Amino acid sequence: MIREERTFDLAPGRKTEGDVVYWMSREQRMGDNPGLLFARHLAAKMDCGLSVVFTLADSFQGATLRHYDFMLRGIQEVALSLQKLNIPFFIVQGNPPEKLLEFAEANKTGTVVVDFDPLRIKRDWISEAIRKLPCKFIEVDGHNIVPARFVSDKCEFAAYTLRPKINRLLGDFIEEFPKLEPMPAGSGISFASNPADLLNALKTDRRVAPVDWILPGEKEALKVLNAFIKERLPGYKEHRNDPNKEMVSDLSPYLHFGQISSQRIASEVLKRHGRDKNSEAFLEELIVRKELSDNFCHYNPDYDKVNGFHDWAKKTHKEHASDEREYNYTTAEFEEGRTRDPLWNAAQMQMVKRGKMHGYMRMYWAKKILEWTETPAEAMETAIYLNDRYELDGRDPNGYTGIAWSIGGVHDRAWTERPVFGKIRYMNFNGCKRKFDVDAYISSIERR
Ligand code: FAD
Ligand code: FO1
């Protein structure tokens, strides 16, 4: 069953009369989905109906055709899986809280189950729905192995402050989720038009094309996980920071769209690979770093702004505000990879063409944007704009936190002071040359 600590009553004291709706959003999968399992459990307990509703927003933080294509093909797989379980599934296009309200009123809804999601846009959707709908709202954290609200009640300073809190509880929460029980036959129809029709109906930006090296959906995510465990995890610790080796999991697009659960990943890694330096290094990223991002976005309302930086970082940026910038590129020059730095341009082009920049390059990429823009605020805007427009895994707490780490030293410490960066950790071309074959990386991107 779903543990109590994973659920949170968003509107305490309300009664529940009527059916259950699972308002699917962050966790877009049928299997290992605690929100869906919890909604199914409520429907059984109250012997009432269950519907799954996905509200398709016309625009979502700069998401383009690349993202909607990946997401909607994944959603279609969910629709087919739920149909086989007699669980009615609806994709409703328009303004999410309004569309949920319409559905709930037309289907005498007594309880809405929602996914935990620390992003501002989601909190706004949910609070508007709670204001307009008198029924119960139960939130379920289906994204973090150790539920974010439960593991810590404050914004953690760094990975080393959150890690012990997670590790103490991990054993209790790396649970095998039960299988999803079907609803009785004839429990209602599903309505989910196919991705092509939905994409035509959306006014999404078609200038960023879908990618073809990765296939979306729950089944594909499990295949990629299996291939990673077999072929790449054995080399992960040694090669994960070498952008020429591609020794990483490539699971971030599936995690971002909730097409796979991190519990599933962690338990498969431990079951099939066991504990060694490679799995330890991987689980540190998958659990501590990823769950630190949700902690940061949940407890810091300015997670995507300079104002969200620590005081020491704001101070050092102020002290270096008038330092001469060696270069000062426009957004277009960044976007088209037209800086004087071939390594930076290669990283940008990898993101534009492949929709996934190598993790090590993302740090360098963001830090150079700080170095080559007028102010840290402009650097944040530029990095977030480009990251969310081209990264398949963009518009994610990991992204806002990764950018705040790079530009504002969030979860990092102060370093030796230098022009423009102040005490923010510095990275440069020669540092990369010492780490990996820069020329190989640059020419590999040009060839693609
Ligand atoms: P693996 O190394 O296989 O990691 C497995 C999983 O662990 C990842 O999918 C991710 O969920 C988690 N993880 C790994 N590294 C980090 C990290 N540094 N912080 C948080 N979680 C991590 N990640 C995104 O999901 N979306 C983004 O938009 C994004 N933007 C970033 C921007 C910058 C400037 C930086 C420095 C990092 C960013 N990251 C982002 C974090 C990280 O780079 C990616 O999660 C990782 O490269 C995804 O590839 P992978 O799944 O193959 O990685
Ligand atoms: N979630 C929704 O509930 N409805 C949407 O229409 C929607 C669009 C969307 C587009 C791109 C993207 O990267 C994410 C999108 N999401 C949508 C949210 C996503 O499912 C995640 O919940 C968050 O982005 C991560 O917190």
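The structure contained in this document is the topic of the report that follows. (Residues numbered from 1 in each chain as written. Chains lettered and ligands numbered in written order. Predicted model: local features only at pLDDT ≥ 70, side-chain atom pairs only at ≥ 80, totals over all residues. Heavy atoms only, no water.)

### Things to note about the packing of helix H16 (residues 359-371) against helix H18 (residues 397-408)
Rules: A fitted line through C-alpha atoms serves as each axis, taken over the contacting stretch for helices, and the angle formed by two N-to-C directions is quoted from 0 to 180°. Only DSSP runs of H or I reaching four residues or more are called helices, and only runs of E reaching two or more are called strands; each is numbered from the N terminus. These descriptions rest on fixed angle ranges, namely under 35 degrees for roughly parallel, over 145 for roughly antiparallel, 65 to 115 for roughly perpendicular, and the rest for oblique. In this scheme the handedness of a crossing depends on how the near helix is turned from the far one: anticlockwise by less than a right angle means left-handed, clockwise means right-handed. Residues are treated as being in contact if the distance between any of their heavy atoms lies within 4.5 Å. Classification convention: Asp, Glu, Lys, Arg as charged; Ala, Val, Leu, Ile, Met, Phe, Trp, Tyr, Cys, Pro as nonpolar; all other residues, Gly among them, as polar.
Between H16 and H18, the shortest axis-to-axis distance is 8 Å and the interhelical angle comes to 50°. On the basis of the axis angle, H16 is oblique to H18. The handedness of the crossing between H16 and H18 is right-handed. In this structure, H16 contributes Met363, Ala366, Lys367 and Leu370 to the contact, and H18 contributes Trp405, Ser406 and Ile407. Of the residues contributing to the contact of H16 with H18, the split by class is 5 nonpolar, 1 polar and 1 charged.

### Things to note about the nonpolar core
To keep it simple, the criterion reads: Note on terminology: a nonpolar core comprises buried Ala, Val, Leu, Ile, Met, Phe, Trp, Tyr and Cys residues joined through side-chain atoms within 4.5 Å. With a 1.4 Å probe rolled over the protein chains alone, any residue whose accessible area is under 20% of its type maximum counts as buried; one over 50% counts as exposed, and the rest are partly exposed.
With 94 residues, the main nonpolar core has Leu56, Tyr68, Phe89, Phe137, Ile265 and Phe282 as its most contacted residues. In this structure phenylalanine 137 touches Phe8, Asp9, Leu10, Ala11, Arg14, Leu100, Val112, Val114, Ala129 and Ile130, once residues within four positions along its chain are discounted. Grouped together as the second largest cluster of nonpolar side chains are 45 residues, Tyr303, Phe334, Tyr364 and Val420 included.

### Some points on the site of ligand 1
The condition is simple: Throughout, near means a residue has at least one heavy atom within 4 Å of the molecule or strand. Side-chain atoms alone can form a polar contact between residues adjacent in sequence; in general such a contact is a pair of N or O atoms within 3.5 Å, and within protein one must be able to donate a hydrogen while the other accepts it. Per-residue accessibility takes into account occlusion by the displayed protein chains alone, with areas from the Shrake-Rupley method and a 1.4 Å probe.
The immediate surroundings of ligand 1 are formed by 27 residues, with Tyr236, Ser249, Asp250, Asn387 and Asp393 found nearest. One of the side-chain N or O atoms of arginine 362 is found 3.3 Å from a nitrogen atom in ligand 1. A distance of 2.7 Å separates a nitrogen atom of ligand 1 from a polar backbone atom of aspartate 393. Starting from 820 Å² of accessible surface for ligand 1 in isolation, the protein chains cover 92%.

### Here we look at the environment of lysine 15
Tracing the chain through its elements places lysine 15 in the loop between strand S1 (7-9) and strand S2 (19-24). Lysine 15 sits 93 residues away from lysine 108 along the chain, and the two C-alpha atoms are 13 Å apart. With residues near it in sequence (within four places) discarded, lysine 15 still touches Gly110, Cys135 and Lys136.

### Examining the sheet that holds strand S4 (residues 89-93)
In any sheet, the strands associate via hydrogen bonds between backbone groups, in a parallel or an antiparallel arrangement. Note the following rule: In this description, strands pair whenever DSSP reports at least two bridges between them.
Taking strand neighbours across the sheet as the criterion, the 6 strands line up as S1-S6-S5-S2-S3-S4 in an open arrangement whose pairing is mixed. Sheet topology places S1 and S4 at the edges, where each strand pairs with a single neighbour. Between one strand axis and the next, the sheet turns by 25° as a mean value, whatever way the strands run. Pairing geometry for S1 and strand S6 (residues 136-140), over 3 bridges, is antiparallel. Residue pairing across strands places threonine 7 opposite valine 140, the latter belonging to S6. Sitting on the sheet, helix H4 (residues 120-132) is in contact with S2, strand S5 (109-115) and S6, with an inclination near 160° to S2.

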